[in-house]
Amino acid sequence: PTATYLWEKRGVVPFLKIDKGLEAEVDGVQLMKPIPGLDDLLERAAAAGIFGTKERSVVNAANPAGIASIVAQQFAIGRQVAAHGLMPILEPEVTISIADKAQAEALLQAEILKALEGVEGQVMLKLSLPTVPDFYLPLVKHPKVLKVVALSGGHARDTANAILAQNHGIIASFSRALSEGLSAQQSDAEFDAVLQGAVDGIYAASIT
């Protein structure tokens, strides 16, 4: 099975993206759309050897009510995932271009810390790179957080790497930044060289 091959033969921990996209913005946030048939999907994922899941929603403003609702939804889905023996990656992404990003991050961290009090076991968190270096250290060090990973959020790779290197204990979970510079028009050797350079740079930023 693909998940077994990735994990046991290539050292790639398999995760499953479960969200179905975003609702329209309300109170400065976009919640996840309903996920029909989630319990059946999670049961099949567990049987297939998947380690965990990923579920994304978006914060577009430092709105206390909206951020409280986005954290509540993330943790509710996380509990459902954990009930099937899977590890949830909770991903309340803060949009990097908003004027009140630092305030939104402060509200988000406060809500996450409150929600963690009710967690049995552990969760993972996938968060936008913070405005203030090491701002998320309380989450990195929290006993109920297995790992905090960072999304690039639209930053160019060099910028994302520079910010990530300032945040200890957080590793990269980049997609857009990882694929930067890759093209179907490249030869195999060119493609491999660009990808290797991307991996090396992201790895170096992740081990601070």
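All of these numbers come straight from a predicted model, not from anything done at the bench.

Q: Sorry if this is basic, but what is going on with the nonpolar core here?
A: Note on soluble globular proteins: their nonpolar side chains tend to be buried together. By size, the foremost hydrophobic cluster in this structure holds 30 residues, and its most contacted members are Leu 108, Ile 112, Leu 116, Leu 125, Leu 127, Leu 139 and Phe 174. In this structure, Leu 116 is in contact with Phe 75, Val 123, Leu 139, His 142, Lys 144 and Val 145, ignoring residues within four places of it in sequence. Of all hydrophobic cores here, the second largest spans twelve residues; its members include Ala 3, Ile 35, Leu 42 and Ile 77.

Q: Quick question: what am I supposed to make of the pairing of strand 6 (residues 145-151) here?
A: Each regular strand shows side chains that alternate between the opposite faces of the sheet. Of all seven residues in strand 6, five are buried; the element is thus mostly enclosed. Direction of pairing for strand 5 (residues 123-128) relative to strand 6: parallel, over a ladder of six bridges. Residue pairing for strand 6: Met 124 is matched across the bridge by Lys 147. Across three bridges, the pairing between strand 6 and strand 7 (residues 170-172) is parallel. The residue of strand 7 that forms the bridge with Val 148 is Ile 170.

Q: Even after reading the chapter, I still don't get unusual backbone geometry, so can you show me in this structure?
A: Generally, phi is negative for residues other than glycine and the peptide bonds are trans, each holding for most cases. The backbone of Asp 27 shows a phi angle near 55 degrees, a positive value even though the residue is not glycine. Topologically, Asp 27 is positioned in the loop between strand 1 (15-17) and strand 2 (29-30). Although it is not a glycine, Asp 134 sits at a positive phi angle of roughly 65 degrees. By relative accessible area, Asp 134 is classed as partly exposed at 23%.

Q: Would you mind going over the side chain of Ser 206 with me for this structure?
A: As for its position among the elements, Ser 206 is in helix 8 (residues 188-206). Classification of Ser 206 by relative accessible area gives buried; the value is 13%. There is a polar contact of 2.9 Å between the side chain of Ser 206 and the backbone oxygen of Ile 202. Beyond its immediate sequence surroundings of up to four residues, Ser 206 is in contact with Leu 164, Ile 170, Ile 171 and Ala 172.

Q: Just checking my understanding: could you explain the packing of helix 3 (residues 64-82) against helix 4 (residues 101-116) for this structure?
A: The description of two packed helices rests on the angle between their axes and on the distance between the axes. Where helix 3 contacts helix 4, the axes come no closer than 9 Å and their chain directions differ by 40 degrees. One finds that helix 3 runs oblique with respect to helix 4. Handedness of the helix 3/helix 4 crossing: right-handed. Mapping the contact onto sequence places Pro 64, Ile 67, Ala 68, Val 71 and Phe 75 in helix 3 and Ala 104, Leu 107, Leu 108, Glu 111, Ile 112, Ala 115 and Leu 116 in helix 4. Of the residues assigned to the contact of helix 3 with helix 4, the class counts are eleven nonpolar, no polar and one charged.

Q: What is the right way to read the pattern of salt bridges from this model?
A: Two side chains that carry opposite charge are able to pair once their charged atoms sit near each other. Under the criterion given, the structure shown has seven salt bridges. Ionic pairing is found between Lys 101 and Glu 105, a salt bridge with its closest N-O pair at 2.5 Å. A residue pair is termed a helical-turn pair when its members lie 3 or 4 positions apart in one helix, as Lys 101 and Glu 105 do in helix 4 at four residues. With a relative accessible area of 9%, Lys 101 lands in the buried category. Residues Lys 114 and Glu 111 are paired through a salt bridge, measuring 3.2 Å at the closest nitrogen-oxygen approach. Highlighted residues: Lys 114 and Glu 111, both in helix 4, separated by three residues, approximately one helical turn. Given a relative accessible area of 51%, Lys 114 falls into the exposed group.

Q: Can you help me understand a nonpolar patch on the surface in this one?
A: On the surface, Trp 7, Val 13 and Phe 15 cluster together into a nonpolar patch covering about 240 Å² of accessible area. By the secondary structure assignment, Phe 15 is in strand 1.

How each quantity is defined
- Residues numbered from 1 in each chain as written.
- Predicted model: local features only at pLDDT ≥ 70, side-chain atom pairs only at ≥ 80, totals over all residues.
- Heavy atoms only, no water.
- Core = buried A, V, L, I, M, F, W, Y, C linked by side-chain atoms within 4.5 Å.
- Buried < 20%, exposed > 50% of the residue type's maximum accessible area, 1.4 Å probe, protein only.
- Contact = heavy atoms within 4.5 Å.
- Helix = DSSP H or I, 4+ residues; strand = E, 2+ residues; numbered from the N terminus.
- Pairing = 2+ DSSP bridges.
- Polar contact = N/O pair within 3.5 Å; in protein donor to acceptor, adjacent residues only side chain to side chain.
- Axes fitted to C-alpha atoms, helices over the stretch in contact; angles between N-to-C directions.
- Parallel < 35°, antiparallel > 145°, perpendicular 65-115°, else oblique.
- Left-handed = near helix turned anticlockwise from the far one by under 90°.
- Nonpolar A, V, L, I, M, F, W, Y, C, P; charged D, E, K, R; others polar.
- Salt bridge = Lys/Arg side-chain N within 4 Å of Asp/Glu carboxyl O.
- Patch = residues over 30% accessible without salt bridge, like charges linked within 9 Å, V, L, I, M, F, W, Y side chains within 5 Å.
- Areas by Shrake-Rupley, 256 points an atom, 1.4 Å probe, with all protein chains shown as cover.

On their own, these measurements won't tell you what the molecule is for.
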